[in-house]
Amino acid sequence: MATNISEQPAKASGTYRIGGDVTVNRLGYGAMQITGPGVWGDPKDPAEAVRVLRRAVELGVTFIDTADSYGPFVSELLIREALHPYADDLVIATKAGLTRSGPGDWRAVGRPEYLRQQCELSLRHLGLDTIPLYQLHRIDSKVPLADQLGELALLRQEGKIRHIGLSEVSVAQIEESRAITTIASVQNLYNLANRGAEDVLEYCERNDLAFIPWFPIATGELARPGGPLDAISTAHGASPAQLALAWLLRRSPVMLPIPGTSSVAHLEENVGAADVRLTDDEFESLAKAS
C-alpha cells in the first residue's frame, strides 16, 4: 500500500538530485548529536539513538549526514546498527578530514593516506560498498588541496565513493576545487539568523550544487517573545524551529537542511517543518528581520 505524505512528512520537502543522479528528500537528518557530550564517545542512551534513526526513515527522511569524527565513528556504527541493510532510497553521506583528541576538540588532517584510511574505515563501519557522498570535512592548510581532492578523486574512480563534497569553504575554494575534480555539494554554517554564507549559497544555486546548511535551526533573537517569529509561529501553529527550517526549504531548491537531535520528539517536530508553507510576506519579513 502506498504511503502518503502525512505519514512521511519529509516527502513534503520535495526532492533534489545530488550530483545529478542521487535523489533525496530535501529535509534530511544530521547524525552528530547521537554521540556523547562534546560529540565524543557513546550516547547516554544508545537505544534512543537507534529509535531516532529508525523513526527518521519512517518519517520519510532519505538523506542522513554523518562523519567519521562524530564519536569518532560512534555515529556511523549506530547508523549501521539501526538501519542496515539500508532501504534502496536511503542515502548516507559521511566526511573525513577532522581528527579528534577529546571532547570538543577538532583538528584538520588532509594527508592523502589519512583520507584513504578513513574512507576505508567508514565503508566498513557503515556496511557500504560505495559511499554516495563523501565530503572533505575541512581543507587542511598544511596539505596542497590538489593532493587532498586528488585522493578523493582516486577513491571515486575505484568505486568507493560516488560523489565528492566540501565543507566550510569560500567561493574561491569551491572554484579551486572544481578545477581539480567534480564537486557535488557544499556544507557550510547557514541558518535564518546567520546568513554569512549567502555568497556560497548563491554560487551553489548558479552551478546546481547541493547546499547543506549545518546548524540549520538557530533562530537567535528572532524567536524572542514579540519577535519576528512569534506572530508567525502563532499563525501557523508551528514552533520557531519549524519556521526556521521552512524558511530554509523555501529559500532555495538546492538547500538540503539536516537538523539533528537525539530525541524522537524533537525529530518529529523538525520533520514536521516540511509541511509548513510560509506566505511570500512571511518569507520576506523573516529574511529582512535577520
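Look up: the structure comes first, before these words.
Residues numbered from 1 in each chain as written. Predicted model: local features only at pLDDT ≥ 70, side-chain atom pairs only at ≥ 80, totals over all residues. Heavy atoms only, no water.

Chemist: Quick question: what am I supposed to make of the overall build of the protein here?
Modeler: Counting its regular elements, the protein contains ten helices and eleven strands. Against the 2.2 N^0.38 benchmark of 19 Å for 290 residues, the protein shows a C-alpha radius of gyration of 18 Å, consistent with a compact globule. With the principal axes as the frame, the protein shows a C-alpha extent of 55 × 40 × 40 Å. Per-residue burial for the protein yields a buried fraction of 56% across its 290 residues. (Helix = DSSP H or I, 4+ residues; strand = E, 2+ residues; numbered from the N terminus. Rg over C-alpha atoms; globule rule 2.2 N^0.38 Å. Buried < 20%, exposed > 50% of the residue type's maximum accessible area, 1.4 Å probe, protein only.)

Chemist: Would you mind going over the packing of helix α8 (residues 240-251) against helix α10 (residues 280-289) with me for this structure?
Modeler: The relative placement of two packed helices comes down to the angle between their axes together with the axis-to-axis distance. Between α8 and α10, the least distance of the axes is 11 Å, while the angle of their chain directions is 105 degrees. By the angle class used here, α8 and α10 are roughly perpendicular. When α8 is examined against α10, the residues Trp 247, Arg 250 and Arg 251 are found in contact with a partner set consisting of Asp 280, Phe 283, Leu 286 and Ala 287. Here the residues of the contact of α8 with α10 are counted per class, giving four nonpolar, no polar and three charged. (Axes fitted to C-alpha atoms, helices over the stretch in contact; angles between N-to-C directions. Parallel < 35°, antiparallel > 145°, perpendicular 65-115°, else oblique. Contact = heavy atoms within 4.5 Å. Nonpolar A, V, L, I, M, F, W, Y, C, P; charged D, E, K, R; others polar.)

Chemist: What is the right way to read the side chain of Ser 167 from this model?
Modeler: Within the secondary structure, Ser 167 is located in strand β9 (residues 161-167). Within the structure, the side chain of Ser 167 is placed 3.4 Å from the backbone oxygen of His 137, a separation counted as a polar contact. When residues no more than four places from it in sequence are discounted, the contact partners of Ser 167 are Leu 136, His 137, Arg 138, Gln 187 and Asn 188. (Polar contact = N/O pair within 3.5 Å; in protein donor to acceptor, adjacent residues only side chain to side chain.)

Chemist: Is there a simple way to think about the sheet that holds strand β8 (residues 131-136) in this case?
Modeler: Adjacent strands of a sheet form backbone hydrogen bonds with each other and so pair up, either parallel or antiparallel. Spatial ordering of the open sheet is given by β3-β4-β5-β8-β9-β10-β11, a layout of seven strands whose pairing is parallel. The two strands at the open ends of the sheet, each matched to only one other strand, are β3 (29-30) and β11 (210-214). Sheet analysis places β3 next to strand β4 (residues 63-65), joined by two bridges and oriented parallel. Across the sheet, residue Gly 30 finds its bridge partner in β4, namely Asp 65. (Pairing = 2+ DSSP bridges.)

In short, the description is geometric, and any link to function would need to be established separately.
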